[in-house]
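Observations on the three-dimensional arrangement
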There are 2 protein chains.
Amino acid sequence: MSKTVVNVKTDVQAVLNELKSKQIRNVFFVACGGSSAIMYPAKYVLDREAQHITSDLYSSNEFIHRNPQQLGKDSLVILCSMSGTTPETTEAAKFAKSKGAYAVALTNEPTSPLAHSADIFIKYEWGNDIDAFETNLGVLYQLVFGLLYVAEKNDKFAKLVTSLENLQSVYEKALEYEASNARKFAESHKSEPVIYTMASGSNYGAAYSFSICILMEMQWIHSHAIHAGEYFHGPFEIIDENVPFIILAGLDETRPLEERALSFSKRYGKKLTVLDAKAYDFEGIDKDVQGYIAPLVLNRVLRQYAEELAEARNHPLSKRRYMWKVEY
Amino acid sequence: MSKTVVNVKTDVQAVLNELKSKQIRNVFFVACGGSSAIMYPAKYVLDREAQHITSDLYSSNEFIHRNPQQLGKDSLVILCSMSGTTPETTEAAKFAKSKGAYAVALTNEPTSPLAHSADIFIKYEWGNDIDAFETNLGVLYQLVFGLLYVAEKNDKFAKLVTSLENLQSVYEKALEYEASNARKFAESHKSEPVIYTMASGSNYGAAYSFSICILMEMQWIHSHAIHAGEYFHGPFEIIDENVPFIILAGLDETRPLEERALSFSKRYGKKLTVLDAKAYDFEGIDKDVQGYIAPLVLNRVLRQYAEELAEARNHPLSKRRYMWKVEY
């Protein structure tokens, strides 16, 4: 029996203990919207690290209706919903169990339908004053690197957990570094009708989340998260001096894609906002996992940008016209 | 030795003959832009049909830099580029071979760098007067269903090939059915600054292609292909009476997602264009593969919409400001 020697969140450790007796062949990352977006870097980790375990990522209802042939008793299905009340994700947990898969729910609400529907749940914390280690992104990485350790003896687990323990101070320094940039962005973009985001690799999820949850959902601003590699095969024809782009540059192996997209955009665009993880202080984050950790930092900084934008536009992030208000 | 008894394109049969002696464990779909978009339905097919073979889909440069751990001698890498000159895709073919994978290129140009860099290539035809069987989507399906037959004895291969042989007449009837709708769409949307597309399942690629290649690249119109399941977890807050949506409704298992998104959009949007495959005549297409064939028909009809839009806007589909004109 493998024995984990690192200090993970108790809930995560309980799941890892269960996984020790299972033969996981594939992982399905299943959630909706912002909770799905947090899973993109986890899929990137499995793609790069897993020797045998395969993975897929689907929006909850797509997962159910697509009904993947290989979903079964050797599957780990990781689901996430903050409130635990997202109906599609709760249904997906039940569906996964009906196929014999092991369903692990990440939620802030231990008494929620999702927590009840899964085989086991991990409680995460939520809010600007919560330590990075306890957030959805923090616990998901503990789970995924823990799985890699338990199933395949991957040696990055301990480094990752230690790095997550030091992540909060990286967040705080990055937020301080970006504070005036975020205010300037908000002021200069408060009247823009369209704002694109762009990234690649492990950072794409942060761009996607900002586009669909912050800009479209919470600010009613047109948006699209462009993949930095796809940019040159269509989307780049849209850029000119009047079209704003937020470009993420992370620290993972796909950074050359983001740098190339940025370089082109600088030549033909004028309204560029660049969040570059190279400018942040990653003290306490192990070199071997900095590429994986960067999207978490970029994601946290983007939240600051969102808050400033909402303030400058006098359009609170909590404002909705349909969500939770009408039937859908 | 398994023996295929159906009449596939000679080039495809040559690949299938090679695959008979290989043990393919995973498939990577690798291309850029529109050539990547045609692979989304093929991934959907493998997800639903493959008992053992896993699959992933990546933009060419993402594939190289992500460097999937499981890419190796048991991998089939399917690449596509019409001209065969897309540098990232040619590099991806070389990269795949360097890892021991079997690289199959789809291209219109047998003497192109991509055709030379892959282990083997399949020539497809291009243009409005080409039979559906010979197009990129046609040969890719022959290859993917052929693989499923050769490797796993999947019984849909013959049905699929016969259906592809009858597809051209389905196209023609659908184009005739949609002709006046396409003209009306073009006229009513010619001044729109933003047009969203939406779909799910096997149809998402057609929506993605229309957004990034037709609207953004060829018409310089802002766009985003929204996943119909994700719609309710962010993007739907953007819709109102002034925001145009093109909504695809296919025939696959995820149709309930598209129907739900359409139903909501009808309540709060006014500028809706619906392409519903149920309205088309699928004579000659086997019931068992109609869901898989629908995205090909929707994709063909969308080309008609694109041509009408370009005409109404006096902005030819061939017009570019950066692509093939400046360095990038």
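Residues numbered from 1 in each chain as written. Chains lettered and ligands numbered in written order. Predicted model: local features only at pLDDT ≥ 70, side-chain atom pairs only at ≥ 80, totals over all residues. Heavy atoms only, no water.

Looking at an unreviewed UniProt entry, one finds chain A named Fructosamine deglycase and attributed to Priestia aryabhattai. Reading the Function (unreviewed entry) entry of the UniProt record for chain A gives the comment "Catalyzes the conversion of a range of fructosamine 6-phosphates to glucose 6-phosphate and a free amino acid." As recorded by UniProt, the Subunit (unreviewed entry) comment attached to chain A reads in full: "Homooctamer." (UniProt positions renumbered as here; feature names shortened; annotations may be inferred.)

Some points on the interface of chain A and chain B
Taken residue by residue, the interface counts 72 residues in chain A and 72 residues in chain B. Here chain A and chain B share eight salt bridges between them. Here D56 of chain B ties to K43 of chain A by a salt bridge, and the two come within 2.9 Å at their closest N and O atoms. When residues of the side of chain A that touches chain B are traced back to their parent elements, those giving at least two are α2 (33–37), α3 (40–49), β2 (54–59), α4 (60–66), α10 (204–219), β7 (225–227) and α11 (255–268) of chain A. Per-element tally for the side of chain A that touches chain B: the top contributor is α11 of chain A, with six residues. Split into classes, the residues belonging to the side of chain A that touches chain B amount to 30 nonpolar, 23 polar and 19 charged. (Contact = heavy atoms within 4.5 Å. Salt bridge = Lys/Arg side-chain N within 4 Å of Asp/Glu carboxyl O. Helix = DSSP H or I, 4+ residues; strand = E, 2+ residues; numbered from the N terminus. Nonpolar A, V, L, I, M, F, W, Y, C, P; charged D, E, K, R; others polar.)

Quick look at unusual backbone geometry
Note: most peptide bonds trans; most residues except glycine with negative phi. All names here are of chain A. The phi torsion at N314 lies on the positive side, around 55 degrees, for a residue other than glycine. Inspection of the secondary structure puts N314 in the segment after α12 (290–313). Judged by relative accessible area, which is 67%, N314 ranks as exposed. (Buried < 20%, exposed > 50% of the residue type's maximum accessible area, 1.4 Å probe, protein only.)

Quick word on the relation of the copies chain A and chain B
The two copies are related by a screw operation: chain A maps onto chain B through 180 degrees of rotation and 0.0 Å of translation along the axis, at an RMSD of 0.0 Å. Expressed as a symmetry operation, the mapping of one chain copy onto the other fits a two-fold axis. Ranked by how close their C-alpha atoms come to the rotation axis, the residues of chain A are headed by H224 of chain A, at 2.6 Å. (Least-squares fit on C-alpha atoms with pLDDT ≥ 70 in both.)

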